[in-house]
Amino acid sequence: MSELDAAIQTFVQEADELLAEMELALLGLEDNPDDSESINSVFRAMHTIKGSSGLFGFDSIVAFAHEAETVLDQVRRGQRAIDGALISTLLNCKDHTSKLIEHCLTEAEQELPQELKLTGESLIKQLGGATTKPQSMPVEAGSKNGTSETSETEGDTNGNDWVILLEFGPDALRNGMDPLSFIRYLKTLGDIVDILTSTPDLPIGEAMDPESCYLHFKIVFRGNTNKQAIESVFEFAEDDCEIRIIPPHSQIEHYLSLLAEPSDEDGAQVERLGEMLINIGALTPKEVAKALQRQSEDKAESPEQAKPIGEILVEQQLAEQPVVEQALKKQQNVKQKIAAEANYIRVDSEKLGKLINLVGELVISGAAMRMMVDRHGLSDVEEVAVSMNDLVSEIRDTALELRMVAIGETFSRFRRVVRDVSNELNKQIELRITGGETELDKTVVEKINDPLTHLIRNSLDHGIEMPEQRRAAGKPEQGTVHLNAYHDSGHIVIQIADDGAGLNDEKIRTKAIANGLITADQVLTKQEVFNLIFEAGLSTKDEASNLSGRGVGMDVVRRNIEALRGSVSLDSEPGQGTTVTIHLPLTLAIIDGFMVEAEQECYIIPLSMVEECVEMSPEECEIDEIQHYVNLRGEVMPYLRLGDYFNNRTQHSNIHRESMVVVRFGQTKVGFVVDKLHGEHQTVIKPLGKVFEQLKGISGATVLGSGDVALILDVQGLVQFATRDKSRASIGLAG
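Residues numbered from 1 in each chain as written. Predicted model: local features only at pLDDT ≥ 70, side-chain atom pairs only at ≥ 80, totals over all residues. Heavy atoms only, no water.

Engineer: Account for the overall build of the protein, with residues named and values stated.
Structural biologist: Across its full length, the protein holds 22 helices and 22 strands. Considering the protein as a whole, with its 735 residues, one finds that 44% of them fall into the buried category. Here the analysis covers contacts within the protein between residues at least 6 apart in sequence; of these, 69% occur between residues at least 24 apart. (Helix = DSSP H or I, 4+ residues; strand = E, 2+ residues; numbered from the N terminus. Buried < 20%, exposed > 50% of the residue type's maximum accessible area, 1.4 Å probe, protein only. Contact = heavy atoms within 4.5 Å.)

Set out below in structure tokens:
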């Protein structure tokens, strides 16, 4: 990969992150339109993308981002109100920018397609169509070259007026200084609103020297300028005049807003306080030099009592205390940011995947070495083998943690989905998110996004009623969709719950019969009826829309979740809402397993699902060999003989002693009856080939230390099989 390709790849990654942050910030502004941090975040995203695009010659991105940036700059300065319409337009601008980036990456040599051109022109027109607040634009003092652009507002004599204090020294006239000439020159930059002349040092009587200057001026000035330009008017008088320039209130607010922006440039450095204030226009280099000279003099007299530069600036009225405090705060934030960034590095996901694979092979090799030590009775090597086994376990856990990410970012993306669908359906829907800090493997996070999108869109369309229907049912007009995640027994549980109308099991059953999924005389539990929702072609919606109603999606959701070794279930109460629960493994690479043996075949059960192991004997528990359930210490649960399930044995021998491994999946417990228990085993998950991928009850395979292959059990599939078998037997007995 060339340096240019690597730079473009970095640009794409950063642009994706910035656009995601922009979307979240815009959605947050709907609830809190005065949040300056969110406004700055949106502005910063467009500003950074525009600058980075210019480096690569992506002119179409630069031109469009500039238009959006201009509007956002007006918003953050308070010149333009942000409302729902502008937020919608900016969200569309975010989407359009993403498409422009994609075009520049894939078809950079070709002209921008007409569709993208028209979309961009339409969005620019929408951006310019809103009204602005009736207040003047503050001076752009943040430019480093001292230039600025602003507009003058008649009648405002407070917010945008500069105050200039001039105290000419006694030798000013002798040195050829004419105070009035400087004041006349000042008028070329703007208007003098008011001027107050005083002579506080004028002696009385003969002590007065006619050749000495005793004039002090307080000038109220208004003009299209900045502090450095005003200071340059009195440049030749600086040795004979004390000059203080006090900015208008609007300028101070602007300085604060500039300082409030986080530093987002690559390689950001900690600026000195004076440099920072010069860059935003709050100070001039001469004022900083004057303060530094004062500090140097104080240090020469008493180093211990020398004041910080910020305190001197405020004391000499060269800078306002809020501005200095904000600058110091930003300086500290930059220091913390640099320190934090020093602890992180970007790693290619392919390299990380290769590391996980190598760790997996290391786990297998460690198990093989341990087996050889035990087989040959190498007691002097045993201690080293145990130590290495512990290190391998620690390396395994650390490597897996590198791929663990919080699911909150994925959840937050659905705020946009809920907003857009709500507007499309004319519904009022709020998205609540909890458990966003819950972590799981990055590969699982990436693959769960599509199923979650289907489920949330179904909740919005099928579940939440129209406002008038909710009002008639005694509910608040605004519906709620709740996204929640938490850890449970080595799994992550994701729940999508709504407070809508709920599901009608009779309607589902009728649809299923009409579609030939079940027969009219078939007896199903309420849960089994709800699970028919996940069958292909079944929909409870009478009319199809562009969102749902064609029976396509829920079967794909279940298939995709099961491909991740997960499961999905559904529960609903009429009039109260529906809850979809997804169980997923934390990782798809390496797990702690429990190895058992049945009919001379080894199987791995995920250790997180194992509750206990007991001897399978009539003395320990009551066993029903017909319905296949066991009464274990007063708890009745189904059981499944693995030897029978996988080998289809017709007869069972009671010659050898059997053991039962009690597993739990969700709230359901099932016993797996096996011949031998081999104990805990670090398991590297290997995918099954296409020949075996449809094999029921198996989710993968692993290589043992001996080189043999052990199958990893699909616990949820086996649990569902065992409980379904028991319920059917019970129904048969009842009939």
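Engineer: Give a detailed account of the side chain of glutamate 287, specifying residues and quantitative values.
Structural biologist: Secondary-structure assignment places glutamate 287 in helix H10 (residues 285-301). Overall, the relative accessible area of 5% leaves glutamate 287 in the buried class. Dropping the residues within four chain positions of it, glutamate 287 is found in contact with Lys227, Glu231, Ala282, Leu313 and Leu318.

Engineer: Which residues make up a nonpolar patch on the surface, and what values go with them?
Structural biologist: Among the surface-exposed residues, Leu362, Leu391 and Ile395 lie close enough to one another that they form a single nonpolar patch of about 250 Å² accessible area. Of note, leucine 391 is situated in helix H14 (residues 379-402). When its relative accessible area of 49% is taken as the criterion, leucine 391 is described as partly exposed. (Patch = residues over 30% accessible without salt bridge, like charges linked within 9 Å, V, L, I, M, F, W, Y side chains within 5 Å. Areas by Shrake-Rupley, 256 points an atom, 1.4 Å probe, with all protein chains shown as cover. Salt bridge = Lys/Arg side-chain N within 4 Å of Asp/Glu carboxyl O.)

Engineer: Break down the environment of alanine 291 for me, with residues and values.
Structural biologist: Mapped onto the elements of the fold, alanine 291 is located in helix H10. Put simply, alanine 291 and isoleucine 309 are 18 residues apart on the chain and 6.7 Å apart in space, counted from C-alpha to C-alpha. With near-sequence residues (within four places) excluded, alanine 291 lies in contact with Ile309, Ile312, Leu313, Gln316 and Leu318.

Engineer: Give me the lowdown on the sheet that holds strand S22 (residues 709-713), citing residues and values where you can.
Structural biologist: The five strands lie next to each other as S20-S12-S13-S22-S21, forming an open sheet whose pairing is mixed. Of all strands in the sheet, those bounded by a partner on one side alone are strand S20 (676-684) and strand S21 (698-703). Each strand of the sheet is rotated relative to its neighbour by a mean of 35 degrees, with strand direction disregarded. Relative to S22, strand S13 (residues 601-606) runs parallel, the two sharing two bridges. Each bridged residue has a counterpart across the sheet, and for tyrosine 603 the counterpart in S22 is leucine 711. (Pairing = 2+ DSSP bridges. Axes fitted to C-alpha atoms, helices over the stretch in contact; angles between N-to-C directions.)

Engineer: Describe unusual backbone geometry, listing the residues and the values that go with them.
Structural biologist: Even without being a glycine, asparagine 426 presents a positive backbone phi close to 60 degrees. Counting through the fold element by element, asparagine 426 comes out in the loop between helix H15 (408-425) and strand S6 (429-434). A relative accessible area of 59% means that asparagine 426 is categorised as exposed. In this structure, glutamate 599 is a non-glycine residue whose phi angle is positive, near 55 degrees. Assignment of secondary structure puts glutamate 599 in the loop between strand S12 (590-598) and S13.

Engineer: Before we move on, could you go through the pairing of S21 and cite the residues and values that matter?
Structural biologist: For a regular strand, side chains alternate in direction, first toward one face of the sheet and then toward the other. The pairing of S21 with S22 spans five bridges and is classified as antiparallel. For alanine 701, the partnering residue across the bridge sits in S22 and is leucine 711.

Engineer: Which residues make up the sheet that holds strand S15 (residues 622-624), and what values do they have?
Structural biologist: Read across the sheet, six strands follow the order S14-S18-S19-S17-S16-S15 without closing on themselves; strand pairing throughout is mixed. Each end of this open sheet is capped by a strand with a single partner; those strands are strand S14 (610-616) and S15. The sheet shows a mean angle of 30 degrees between the axes of neighbouring strands, direction not considered. Inspection of the sheet shows strand S16 (residues 629-632) paired to strand S17 (residues 635-641) by four bridges, in the antiparallel sense. By the bridge assignment for S17, tyrosine 629 is matched with proline 638.

Engineer: Can you break down the pattern of salt bridges residue by residue, with the values?
Structural biologist: All told, the structure shown has 38 salt bridges when counted by the stated rule. The partner of glutamate 430 in a salt bridge is arginine 432, and the shortest N-O contact between them spans 3.6 Å. Of the charged contacts, one joins glutamate 446 and lysine 442 as a salt bridge, the two residues approaching to 2.3 Å between their closest N and O atoms. A residue pair is termed a helical-turn pair when its members lie 3 or 4 positions apart in one helix, as glutamate 446 and lysine 442 do in helix H16 (residues 442-463) at four residues. One continuous salt-bridge network, built from bridges that share partners, spans Glu23, Glu30, Lys94, Asp95, Arg416, Arg419 and Asp420.

Engineer: With reference to specific residues and values, describe helix H20 (residues 554-563).
Structural biologist: Considered for burial, the residues of H20 that qualify are Met554, Asp555, Val557 and Ile561. Buried residues of H20, seen end-on, are gathered within an arc of 155 degrees and therefore sit on one face of the element. Buried residues along H20 sit in contact with H16, strand S10 (567-573) and strand S11 (577-585). Trailing H20 by a residue or two, arginine 565 shows a phi angle of about 65 degrees, which is positive. (Arc of directions from axis to C-beta.)

Engineer: Describe the nonpolar core, and please don't skip the residues or the numbers.
Structural biologist: With 43 residues, the main nonpolar core has Leu452, Ile494, Ile496, Ile508, Ile582 and Leu584 as its most contacted residues. Among the elements that take part in this core, H16 stands out by supplying seven residues, more than any other. Within the second largest apolar cluster, 39 residues are counted, among which are Ala172, Cys241, Leu259 and Ile280. (Core = buried A, V, L, I, M, F, W, Y, C linked by side-chain atoms within 4.5 Å.)

Engineer: Could you give me a rundown of the packing of aromatic side chains, with the residues and numbers involved?
Structural biologist: Geometrically, a pair of aromatic rings is defined through the distance of the ring centres and the angle of the planes. Under the criterion given, the structure shown has nine aromatic pairs. Geometrically, the ring pair formed by phenylalanine 11 and phenylalanine 56 is tilted, given 5.5 Å between the ring centres and 45 degrees between the ring planes. Taken together, the positions of phenylalanine 11 in helix H1 (residues 3-31) and phenylalanine 56 in the loop between helix H2 (36-55) and helix H3 (59-76) put the pair 45 residues apart, joining distant regions of the chain. On the numbers, 5.8 Å between centres and 25 degrees between planes, the contact of phenylalanine 56 with phenylalanine 58 is stacked. Chaining the aromatic ring pairs together yields one cluster made of Phe168, Phe182, Phe217 and Phe234. Between arginine 76 and the ring centre of phenylalanine 43, over which it is positioned, the NZ or CZ distance is 3.8 Å. (Phe/Tyr/Trp six-rings, centres within 6.5 Å; stacked < 30°, edge-to-face > 60°. Lys NZ or Arg CZ within 6 Å of the ring centre and 35° of its normal.)

Engineer: Residues and numbers for helix H13 (residues 349-376), please.
Structural biologist: Because each turn of an α-helix spans 3.6 residues, side chains separated by three or four positions in sequence point in the same direction. Along its 28 residues, H13 runs 41 Å from first to last C-alpha, staying within 8% of the 40 Å computed at 1.5 Å per residue. Leu352, Gly353, Ile356, Val359, Gly360, Val363, Ile364, Gly366 and Val373 are the residues of H13 that are buried. Phi turns positive, to about 60 degrees, at glycine 377, one or two residues after H13. (Expected span 1.5 Å × (residues − 1).)

Engineer: Run through the side chain of threonine 410, naming residues and quoting values.
Structural biologist: The topology assignment puts threonine 410 in helix H15. In contact with threonine 410, other than residues within four places in its own chain, are Val445 and Asn449.

Engineer: Any chance you could break down the environment of leucine 431 for me, citing the residues and the numbers?
Structural biologist: With respect to the helices and strands, leucine 431 occurs in strand S6. Along the backbone, leucine 431 and valine 481 are 50 residues apart, and their C-alpha atoms lie at a distance of 5.0 Å. With residues near it in sequence (within four places) discarded, leucine 431 still touches Phe411, Phe414, Arg415, Val418, Val481 and Leu483.

Engineer: Go over the pairing of strand S8 (residues 479-488), please, and point to the residues and values.
Structural biologist: In the sheet, S6 pairs with S8 via six bridges, with the strands oriented parallel. Residue pairing for S8: leucine 431 is matched across the bridge by valine 481. Two strands pair when backbone bridges link them, and S8 and strand S9 (residues 491-498) are joined in this way by eight bridges, in the antiparallel orientation. By the bridge assignment for S9, asparagine 484 is matched with glutamine 495.

Engineer: Before we move on, could you go through the confidence of the model for the protein and cite the residues and values that matter?
Structural biologist: Scored by pLDDT, the protein has a mean of 80; 86% of the residues are at 70 or more. Confidence scores differ between elements of the protein, with helix H22 (residues 715-734) showing the lowest mean pLDDT of 60 and S6 the highest of 92. Long-range and interchain partners of residues 130-157, a stretch whose pLDDT sits below 50, account for 65 contacts in this model, where long-range means more than four residues apart. In this model residues 727-735 is a low-confidence stretch, pLDDT under 50, and it forms five contacts with partners more than four residues away in sequence or in other chains. (pLDDT = per-residue confidence, 0-100.)

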